[in-house]
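# Observations on the model geometry
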Amino acid sequence: MKETDYDKIFSRFKGVESDIIPMLLRIQEKEGYISEEAVMRMSRFLRISENQIYGVASFYSRYRFNKPGRNSIKVCMGTACHVHGGKFSCEAFEWQFGVKIGERSDDGKFDLQQVNCMGCCTLAPVVQINEDIYGHTLVTGLKEMLRKYE
Amino acid sequence: MNDFGNLVDKAKKKWALLSDGKIPVIYIGSATCGRAAGAMQTLEAVKRTLKEKKIKAKVVEVGCVGPCYLEPLMDISAGGYPRISYANVSPSDAEMIIESFLVNGNPLPERALAHFGDKDDKISEHIPRFFDLPMMKPQVRVVLRNCGVIDPEDIDHYLARDGYQGLKKAIEIGWKKVIKEVELSGLRGRGGAGFPTFKKWEICRSFPEKTKYMICNVSEGDPGAFMNRSLIESDPHSVLEGLIIAAFAIGSNNGYVYINCGYHLAIARLKIAAEDMRKCGLLGNNILGTGFDFDVIIKEGAGAFVCGEETALIGSIEGKRGMPRSRPPFPAEAGLFGKPTIINNVETLGILPSIIRNGADWHRQYGVEGNYGTKTFSLVGKVRRPGLVEVPLGIKLRDIIFEIGGGSWKKYKGVQTGGPSGGCLSEEFLDIPVEYESMTAAGSIMGSGGMIVMDEDTCAVDLALYFLNFTQKESCGKCSPCRVGTWHMVTILEKIVKGQGQAEDISKLQHLAETIKRTSLCGLGQTAPNPVLTTLRYFRSEYLEHVQEKYCSAGVCKDLVTYIIHPQNCNGCQQCIDVCPTGAITGRRSELHEIDFSRCIKCKACYEVCRFHPLAGNAIEIRSERRVS
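Residues numbered from 1 in each chain as written. Chains lettered and ligands numbered in written order. Predicted model: local features only at pLDDT ≥ 70, side-chain atom pairs only at ≥ 80, totals over all residues. Heavy atoms only, no water.

### Concerning the side chain of histidine 363 of chain B
Residue and element names in this part refer to chain B. Using the following cut-off: The secondary structure listing takes helices from DSSP runs of H or I that are at least 4 residues long and strands from runs of E that are at least 2 residues long, numbered from the N terminus. The buried label goes to any residue with under 20% of its type's maximum accessible area, the exposed label to any with over 50%, and the partly exposed label to all in between, with areas taken from a 1.4 Å probe on protein chains only. Contacts are assigned to residue pairs with any non-hydrogen atoms lying within 4.5 Å of each other.
Topologically, histidine 363 is positioned in helix α14 (residues 360-364). Accessibility expressed as a relative area gives 1% for histidine 363, which makes it buried. Those residues in contact with histidine 363, other than ones at most four positions away along the chain, are Ser185, Leu187, Arg190, Ile351, Ile355, Tyr372 and Gly373.

Okay, structure coming up:
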């Protein structure tokens, strides 16, 4: 992100403590993750220590601190997905790319995340790749599903 | 107020024009549940088809009407027919239906799901009335009355259906009468605890501070629950109207909607709704010319289950880590930025406009003594007809699961209510009434409305572990019973599902659970052991099987099952070799395949393909065997 991008985001805020959470969200929307530079710039703008910002950011599950892959795979871990065997998809993905949850594959193509609930429980188990949602996923269909994103 | 009258007249005319039948109207259910099922592709196909065939029709995006398993839903009202609904409409289906209905005048009765007309409307024997469908019949639609019916992004639709009449009346009768009306209606907090709504308000009202805050809690963190999300996506105005009424009652001019940032569509629709309200003079200074000022800020949370707890939520709005603090002082006295604050659940606010508009007696016709009104549930899991349902309180669990939900796919085992704070109730509880007290007495809670059905393929121990894992991760870490205690419970449960459990582990679990329940600081910790306590109570035999016989009857716990290829069924089709992510299966074409157990991760891929692939012979079995130690 360029300096002007930061300025653009910062200009929408008053610069008070309660801006930390939405500001981090806007940065992550733009850059995909929270970089060290972003926290540093925020700290200067808000006049709040980097420690405090990290303290807040690390508390919430939404924020990420690693660069994401080109495609993001999100496996739903909601209760409905769990009882329909969602964890099997997750483990199969882990094996396929040799990545753990929250990591990025070596070639940078994919990253794998777990989310708590996507709100489409009737389609359980659900996998989301970028903006596409796949319902009633079977482990057997995963390879085919990914082919589109190679 | 005259302006408001004009607004309503204009809206009613617009609504009447929509349903007068002169121009066909196509409705697409485009809430999250619909979109996930492909509603946007269907919508595109509809628009394309209309253009290609040069048909003049209006397309309206509506919210979720309830039976999410039938999404994408497309409704058409045309040609003098009442609105007819079609289920599971793919883009090509949409094209076909539109051509048949709007070009050839045939509404395809055999493809239709139901119609939205009156009881006397008999279009065809094939088309039942929507609200007479087995899933809909036991339901009452009070909070969800507009869901799937109106365009959530059009304030006129809401106004035409008695929108903001509740607010108008509230301001006319004054705050004292509003609180009295809510007291008489018997409304209790729909967030789960069931605290009488009016009581909270009264406490807050009694403080003289000028600045007070009114917060709508949409931090719906329960995995497997989407009632609040659906309500906001389908009818955001009802929630905002309720928020203003509540603010008026407590004397607050500042409101927040605290919403999970993952709810993109809900946030977008809330913002549109708020903008429209400002234009109509329903938000901002001098609302409806009455001198009452109120404005709302939509505040995104960043995903923390504990932020559903009031004091944690307040911390999160203030830009801090969302950690609960000890009470008192209660938020009603000193909450957001130290000012008196009321936090109400989405559903509580969603029902308020109707209560004020129709009066307390109207509300009391639903439900039973002490538990008046209705409650929405997201009925999911191993149930035949999953979806969003609304029922009067006091209804039996059996009616929800079997009448509305159509029962479980395989043999019914139980139901999990209230999310990670709730419990699992076994079959014998099917006949208890769904009321705050009876659910608590059974060891579960009403909760915000998640209802996950389990069948014989669901392992109670595994489910308990799932929830404990969840609460352990979501524990904020402030108090040690919750932070350390849940971690120990997870460790013990993991031992048990791996087949390494020992006899004393069960009593240890029980002891830990009871201690955590008694000593934790906030609701998260106090209720976190519930899934374990209830499963220990009602599914104890499963724990014993896991510990003593290393046996999982549901075949879920990986370390207790083996994969077997039955030689008589295996036809050597090699499908399983293709799908195996670890290359653990070997075998030549048309010869018996073998599994290398050192590489097998038991991911179920081979099992699925062997069961469902047309070439395969259903030769793989996942078996758990009783071992006597």
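### So, the pattern of salt bridges
All names here are of chain B. Threshold: The salt bridge definition used is simple: a Lys or Arg side-chain nitrogen within 4 Å of an Asp or Glu carboxyl oxygen.
Applying the stated criterion across every chain, the model contains 38 salt bridges over all chains. For glutamate 437, the salt bridge identified is with arginine 188, shortest N-O distance 3.0 Å. In this pair, glutamate 437 is assigned in helix α16 (residues 436-441) and arginine 188 in the loop between α7 (175-185) and α8 (197-205), connecting sequence segments 249 residues apart. Assessed through its relative accessible area of 13%, arginine 188 is described here as buried. When the shortest N-O distance is used, the salt bridge between arginine 278 and glutamate 275 registers 3.4 Å. Linking arginine 278 with glutamate 275, this pair stays in helix α11 (residues 264-279), spanning three residues, or about one helical turn.

### Regarding the domain arrangement of chain B
Residue and element names in this part refer to chain B. Filter applied, for reference: Source of the domain bounds: an automatic or database domain assignment. By buried area we mean the combined loss of accessible area, with a 1.4 Å probe, across both parts when two parts are placed together. In the analysis that follows, any N or O atom pair within 3.5 Å is treated as a polar contact, provided that within protein one partner can donate a hydrogen and the other can accept it, and provided that, for residues neighboring in sequence, both atoms belong to side chains. The residue classification treats Ala, Val, Leu, Ile, Met, Phe, Trp, Tyr, Cys and Pro as nonpolar and Asp, Glu, Lys and Arg as charged. All others, Gly included, are polar.
When the domains of chain B are assigned, the result is domain 1 (17-131), domain 2 (164-360), domain 3 (373-455), domain 4 (460-549) and domain 5 (561-623). In this assembly, eight residues from domain 1 lie in contact with seven residues from domain 2. Summed over the three residues of domain 1 that lose the most area to domain 2, namely Thr32, Arg35 and Cys64, the buried surface amounts to 55% of that side. The tally of links between domain 1 and domain 2 comes to one salt bridge. For the pair domain 1 and domain 2, the number of links is three residue pairs in polar contact (both at pLDDT 80 or more). Its residues assigned to classes, the side of domain 1 that touches domain 2 comprises three nonpolar, three polar and two charged.

### A word on the sheet that holds strand β4 (residues 84-86) of chain B
The strands making up a sheet are joined through hydrogen bonds of the backbone, oriented either antiparallel or parallel. Residues and elements named next belong to chain B. The line we're drawing: At least two bridges found by DSSP between two strands are what make those strands a pair. Between N-to-C directions, angles span 0 to 180 degrees; the directions come from axes that are lines fitted to C-alpha atoms, helices contributing only their stretch in contact.
If you walk across this open sheet you meet the five strands as β2-β1-β3-β4-β5, and the pairing is mixed. The open sheet is flanked by β2 (58-62) and β5 (112-115), the only strands paired with a single partner. Neighbour-to-neighbour, the strand axes of this sheet turn through a mean angle of 25°, independent of strand direction. As paired strands, strand β1 (residues 25-29) and β2 are joined by five bridges and run parallel to one another. Across the sheet, the residue bridging to tyrosine 27 is valine 60, located in β2. Where helix α4 (residues 91-103) meets the sheet, its contacts fall on β1, β3 (74-77) and β4, and the angle it forms with β3 comes to roughly 10°.

### Points about the interface of chain A and chain B
One frequently used descriptor of interface size is the decrease in accessible area upon assembly of the parts. Contacts between chain A and chain B engage 41 residues on the former and 61 residues on the latter. Together chain A and chain B conceal approximately 4,100 Å² of surface at their shared face, both sides included; 62% is due to carbon and sulfur atoms. The largest per-residue losses of area from chain A upon contact with chain B belong to Phe59, Thr79 and Thr122 of chain A, which jointly make up 16% of the total buried on that side. Our enumeration of links across chain A and chain B arrives at three salt bridges. Between lysine 87 of chain A and aspartate 462 of chain B there is a salt bridge whose closest N-O contact spans 3.3 Å. Joining chain A to chain B, the criterion identifies 21 residue pairs in polar contact (both at pLDDT 80 or more). When its residues are assigned to classes, the side of chain A that touches chain B shows 22 nonpolar, 13 polar and six charged.

### Some thoughts on the packing of aromatic side chains
The cut-off we apply is this: Within 6.5 Å between ring centres, the rings of Phe, Tyr and Trp (the latter by its six-membered ring) count as paired, and their orientation is classed by plane angle as stacked under 30 degrees, edge-to-face over 60, tilted in between. Both a distance and an angle decide whether a charge sits over a ring: NZ of Lys or CZ of Arg must be within 6 Å of the ring centre and within 35 degrees of the ring normal.
In this structure the tally under the stated criterion is 19 aromatic pairs over all chains. Within the aromatic cluster, the residues linked to one another by ring pairs are Tyr6, Phe10 and Phe45 of chain A. Positioned above the aromatic ring of phenylalanine 116 of chain B, the side-chain terminus of arginine 83 of chain B is 4.8 Å from the ring centre. Its end group placed over the ring of tryptophan 175 of chain B, arginine 205 of chain B keeps NZ or CZ at 3.8 Å from the ring centre.

### Thoughts on α7 of chain B
Residues and elements named next belong to chain B. Using the following cut-off: In this context, the arc is that of the directions from the helix axis out to the C-beta atoms.
For α7, the set of buried residues is Val178, Ile179, Val182 and Ser185. Each buried residue of α7 lies within a common arc of 125° when the element is viewed along its axis, so the set occupies one face. Along α7, the residues that are exposed and aim more than 90 degrees away from the buried face are Lys176 and Lys177. Buried residues along α7 sit against α6 (165-173), α8, α10 (236-250), α13 (346-358), α14 and β12 (371-372).

### Examining the packing of helix α1 (residues 3-10) of chain A against helix α2 (residues 20-31) of chain A
All names here are of chain A. For the record, the criterion: Should the near helix be turned anticlockwise from the far one by less than a right angle, the crossing is left-handed, and should it be turned clockwise, the crossing is right-handed.
At a minimum axis separation of 10 Å, α1 and α2 run at an interaxial angle of 145°. Handedness of the α1/α2 crossing: right-handed. Across the interface between the two elements, Asp5, Tyr6, Ile9 and Phe10 from α1 touch Met23, Arg26, Ile27, Lys30 and Glu31 from α2. A breakdown of the residues in the contact of α1 with α2 according to their chemical character gives five nonpolar, no polar and four charged.

### Considering the domain arrangement of chain A
We note that the domain assignment places domain 1 (3-59) and domain 2 (71-147) within chain A. Taking the mean C-alpha position of each, domain 1 of chain A and domain 2 of chain A sit 29 Å from one another.

### Section: the sheet that holds strand β3 (residues 127-129) of chain A
All names here are of chain A. Spatially, four strands are ordered β2-β1-β3-β4 in an open sheet, and the strand pairing comes out mixed. Among the strands making up the open sheet, the edge pair consists of β2 (110-115) and β4 (132-134). Across this sheet, the average inter-strand angle for adjacent strands is 20°, counted without regard to direction. Of the pairings in the sheet, the one linking β3 to β4 comprises three bridges and is antiparallel in character.

### So, the pairing of strand β14 (residues 387-392) of chain B
Residue and element names in this part refer to chain B. Judged by how many residues are buried, β14 sits mostly within the fold: five of six residues are covered. As judged from the six bridges shared by strand β13 (residues 374-381) and β14, these two strands associate in the antiparallel manner. By the bridge assignment for β14, threonine 374 is matched with proline 392. Connecting β13 to the antiparallel partner β14 that follows it, the hairpin turn spans five residues.

### A closer look at the state of the cysteines
Put simply, the test is: The criterion for a disulfide is a pair of cysteine sulfur atoms lying within 2.5 Å.
One pass over the full model with this rule turns up zero disulfides over all chains. Its sulfur unpaired, cysteine 90 of chain A is 10 Å from the next cysteine sulfur, which belongs to cysteine 76 of chain A. Residue classification places cysteine 90 of chain A among the buried residues on the basis of a relative accessible area of 3%. Cysteine cysteine 476 of chain B shares no disulfide, and the gap to the nearest cysteine sulfur, in cysteine 522 of chain B, comes to 6.3 Å.

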